[in-house]
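In case you want the letters, here they are:
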Amino acid sequence: MKRRNFLVAAAGGLVAAGTGLPAWAQAAAGESYAAFLSGLRQQALAAGMPSSIVEQSLALAPAPNQDVLKLDRHQPEFTLTWAQYRDRVVSPTREEKGQQTYQQVRNSLSSISERFGCDDDAVMGIWGLESGFGERQGRFNVIEALATLAYDGRRAAFFRSELIKAMQILARGVISPSDMLGSYAGAMGQPQFMPSAYLRFAADGDGDGRCNIWSSELDVFASIANYLGRSGWQRGEPWGEEVAVPLGSNGQFTSFAATKSRHAPVHPVSTWQALGVRPVQSSGFLAPQATGSLLQPDGPGGQAFLVYRNFRVIRAYNPSDYYALAVGILGGRITR
């Protein structure tokens, strides 16, 4: 157990005699959900949570949510190719919806993007993928979902920590416990922030002193832009671009194309150009002075991209090449 957590519990007089462990940890190791909630209550109070928030929160989680457990235990195991994933998430319907929505919010979004050092296309791409531009935020109460996974999940310690952080958010009065909705895994609101991400990156875009990522579009924009800006986004630079690559006699690219970005070497665009890589768009490379990696997520014969440093910033939001490519493509089509 982390020393910081041990000291917090000890200061609250909650260390079980002879065990060296706080009482909440002892309860969590037991078989009873009631004992688990009792330990959780003690932990939250020792961490300084107001008793009213603790009681309101735990009243929403009287028993493990079976739908949450079912989703957690039976996640799909099939693997999509990049082409399949692209066609599923960067659909014409989502693209059209995004373009219509962008025209409605463009002025306010652009101001917020500039303020936080981001660009509109990245914010729109993430907003579209995470919640369909705010239309699908998840149907689960976040406290109930996190309590369920903290008690009976694959990553109990992680979800327990997220649950305490969710109570910290509630203590700020941003939203009521019953209105704190999200995914079965506790990702919240329109940008689908975990509570820990909320505490680090949520921002006030509408100036009311709160960071409401559930119903304030301006706060949603500010929070996504703040996340990207603080993760190293370079305003005005592209995330990447589609390219054409030469094929050797055996059908393999003659250089260092990679199917996963974490394995991809980084070279100046001029180096890739000398190796025969060409931009798909006719006007030349978007970032001729940049360095980038050559990514072919479906291998030789599939789409190829030169990805730049903003691509890796999108991956800080969600560490998936498919996700980052989709965000970049969708956002670009929406804001072009």
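Residues numbered from 1 in each chain as written. Predicted model: local features only at pLDDT ≥ 70, side-chain atom pairs only at ≥ 80, totals over all residues. Heavy atoms only, no water.

K.L.:
Please clarify how the overall build of the chain should be interpreted in this entry.
P.N.:
Along the backbone of the chain there are 15 helices and seven strands. Relative to its full complement of 336 residues, the chain shows a buried share of 48%. Within the chain, contacts between residues at least 6 apart in sequence are counted, and of these 68% link residues at least 24 apart. By element, 49% of the accessible surface of the chain is carried by carbon and sulfur atoms, the whole surface being about 15700 Å². (Helix = DSSP H or I, 4+ residues; strand = E, 2+ residues; numbered from the N terminus. Buried < 20%, exposed > 50% of the residue type's maximum accessible area, 1.4 Å probe, protein only. Contact = heavy atoms within 4.5 Å. Areas by Shrake-Rupley, 256 points an atom, 1.4 Å probe, with all protein chains shown as cover.)

K.L.:
Is there a simple way to explain helix α6 (residues 82–89) in this structure?
P.N.:
Residues spaced three or four apart along an α-helix face the same direction, because each turn holds 3.6 residues. Looking only at α6, the buried set comprises W82, Y85 and V89. On an axial view of α6, the arc spanned by its buried residues comes to 65 degrees, and they lie on one face. When the buried face of α6 is taken as reference, the exposed residues oriented beyond 90 degrees from it are D87 and R88. (Arc of directions from axis to C-beta.)

K.L.:
What's the story with the sheet that holds strand β4 (residues 267–268) in this structure? I'm lost.
P.N.:
One key point about sheets: their strands pair by backbone hydrogen bonds, in either a parallel or an antiparallel sense. Pairing is antiparallel across the open sheet formed by five strands, whose spatial order is β4-β6-β7-β3-β5. The open sheet terminates on both sides in strands that have one partner only, identified here as β4 and β5 (278–279). In the sheet, strand β6 (residues 291–295) pairs with strand β7 (residues 304–307) via three bridges, with the strands oriented antiparallel. Bridge assignment links L294 to a residue of β7, and that residue is L306. (Pairing = 2+ DSSP bridges.)

K.L.:
Help me understand the packing of helix α5 (residues 66–73) against helix α9 (residues 142–152) in this model?
P.N.:
The axes of two packed helices give the description: the angle between them and the distance between them. In the contact formed by α5 and α9, the axes pass within 9 Å of each other and the chain directions differ by 60 degrees. Between α5 and α9, the angle falls in the class oblique. Taken as a pair, α5 and α9 cross one another with a handedness that is right-handed. On α9, the residues touching V68, L69, D72 and R73 of α5 are A145, T148, L149 and D152. Grouping the constituent residues of the contact of α5 with α9 by class yields four nonpolar, one polar and three charged. (Axes fitted to C-alpha atoms, helices over the stretch in contact; angles between N-to-C directions. Parallel < 35°, antiparallel > 145°, perpendicular 65-115°, else oblique. Left-handed = near helix turned anticlockwise from the far one by under 90°. Nonpolar A, V, L, I, M, F, W, Y, C, P; charged D, E, K, R; others polar.)

K.L.:
For this particular structure, what's the right way to read the pattern of salt bridges?
P.N.:
Opposite charge on two side chains permits them to pair, given that their charged atoms come into close proximity. Inspection of every chain in the model, using the stated rule, returns twelve salt bridges. Between E55 and R41 there is a salt bridge, with its nearest N and O atoms 2.9 Å apart. You can see E55 sitting in helix α4 (residues 51–59) and its partner R41 sitting in helix α3 (residues 33–46), a full 14 residues away along the chain. Looking at E55, the relative accessible area reads 37%, which means it is partly exposed. R41 sits in the partly exposed class, given a relative accessible area of 26%. Put simply, D67 and R139 hold a salt bridge, and the shortest N to O gap is 3.9 Å. With D67 in helix α5 and R139 in the loop between α8 (120–131) and β1 (140–141), this residue pair connects regions lying 72 residues apart in the sequence. (Salt bridge = Lys/Arg side-chain N within 4 Å of Asp/Glu carboxyl O.)

K.L.:
Please explain the nonpolar core as it appears in this structure.
P.N.:
Soluble globular proteins: nonpolar side chains tend toward being buried together. Counting 82 residues, the largest nonpolar core has M167, M180, Y198 and L228 as the members making the most contacts within it. V277, F285, L294 and A304 belong to the second largest nonpolar core, which has eleven residues in total. (Core = buried A, V, L, I, M, F, W, Y, C linked by side-chain atoms within 4.5 Å.)

K.L.:
How should the packing of aromatic side chains be read in this particular structure?
P.N.:
The relative placement of two aromatic rings is captured by the distance of their centres and the angle of their planes. Tallied over the full model, the rule gives 17 aromatic pairs. Considering the side-chain rings of W82 and Y322, the 5.7 Å spacing of their centres and the 55 degrees angle between planes classify their relative orientation as tilted. Linking W82 in helix α6 with Y322 in helix α15 (residues 321–335), this pair joins segments that are 240 residues apart in sequence. Here W82 falls in the buried class, since its relative accessible area comes to 1%. The exposure class of Y322 is partly exposed, given its relative accessible area of 21%. We note R155 situated over the ring of F158; from NZ or CZ to the ring centre the distance is 4.2 Å. (Phe/Tyr/Trp six-rings, centres within 6.5 Å; stacked < 30°, edge-to-face > 60°. Lys NZ or Arg CZ within 6 Å of the ring centre and 35° of its normal.)

K.L.:
Is there a simple way to explain unusual backbone geometry in this structure?
P.N.:
Of note in this structure, F133 is not a glycine but carries a positive phi near 60 degrees. For Q192, which is not glycine, the phi torsion reads 55 degrees and is therefore positive. Within the element layout of this structure, Q192 appears in the loop between β2 (181–182) and α11 (195–201).

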